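# Survey of secondary and tertiary structure
Listed here are the chains, written in short residue letters.
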Amino acid sequence: MQMLALGLSALVALLHLYILVLEMFFWTKPLGRRAFGLDRDFAERSKTLAANQGLYNGFLAAGLAWGLMQGAAQGKPWLVFFLGCVVVAGLFGAATASRKILFVQALPGALALAAVLAI
């Protein structure tokens, strides 16, 4: 169970690192616009806000990475905290922005959180 918990947590960290890259560097590019379903004009007008969102996703990834580097026992409190943040952010995003966020962010975070709590 420990390997599953750490593996799922690492995948969530990598997911948030990928979201950081999309939001901070590719928001106005075809890859970013396609990923988020944006038209060119809206992407240009909102790129500063997107970069800010990306930075927050980077903080989530960094916190998860820190927990993973501590190992299962010492890192568990860090993983619980940051995975909890991922789940809350995913639920809020699903309620306010796009239902897709529930499956892309909240569900993976919840699965990882459940696995971490089980160790």
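No experiment lies behind these values; they were computed from the predicted model shown. (Residues numbered from 1 in each chain as written. Predicted model: local features only at pLDDT ≥ 70, side-chain atom pairs only at ≥ 80, totals over all residues. Heavy atoms only, no water.)

## Observations regarding the environment of Gly93
The condition that has to hold: Only DSSP runs of H or I reaching four residues or more are called helices, and only runs of E reaching two or more are called strands; each is numbered from the N terminus. Three exposure classes are used, based on accessible area relative to the maximum for each residue type with a 1.4 Å probe and protein chains only: buried under 20%, partly exposed in between, and exposed over 50%. For this analysis, residues touch if any pair of their heavy atoms sits within 4.5 Å.
Relative to the helices and strands, Gly93 resides in helix α4 (residues 47-96). Among the residues examined, Gly93 registers a relative accessible area of 10% and is labelled buried. In this structure, the C-alpha to C-alpha distance between Gly93 and Gln105, residues 12 residues apart in sequence, is 8.9 Å. With sequence-adjacent residues up to four places away left out, Gly93 is seen in contact with Ser98 and Ile101.

## Looking at the layout of surface pockets
Selection criterion: Points on a 1 Å grid over protein atoms alone make up a cavity when a 1.4 Å probe fits among them but cannot get out, and a pocket when they form an open set with protein on both sides within 12 Å along at least five of seven lines; lining residues each have an atom within 4 Å of a point. Grid points are joined across faces, edges and corners, and a volume is the space filled by probe spheres set on the points.
In this structure, the largest pocket encloses a volume near 860 Å³. For the lining of the largest pocket, the secondary-structure elements that each account for two or more residues are α1 (2-25), α2 (30-36), α4 and α5 (100-117). Looking at the lining of the largest pocket element by element, the count peaks at 13 residues for α4.

## A look at the side chain of Ser9
Tracing the backbone through its elements, the reader meets Ser9 in helix α1. Here Ser9 is in contact with Leu64, Leu68, Leu79, Leu83, Ala112 and Val116, once residues within four sequence places are set aside.

## Let's talk about the pattern of salt bridges
Heads up, the rule is: Salt bridge, as used here: a side-chain nitrogen of Lys or Arg that lies within 4 Å of a carboxyl oxygen of Asp or Glu.
One pass over the structure, following the stated rule, counts 2 salt bridges. One salt bridge in this structure joins Arg45 and Asp41, with 3.1 Å as the shortest N-O distance. Separated by 4 residues within a single helix, Arg45 and Asp41 lie in helix α3 (residues 40-45), roughly one turn from each other.

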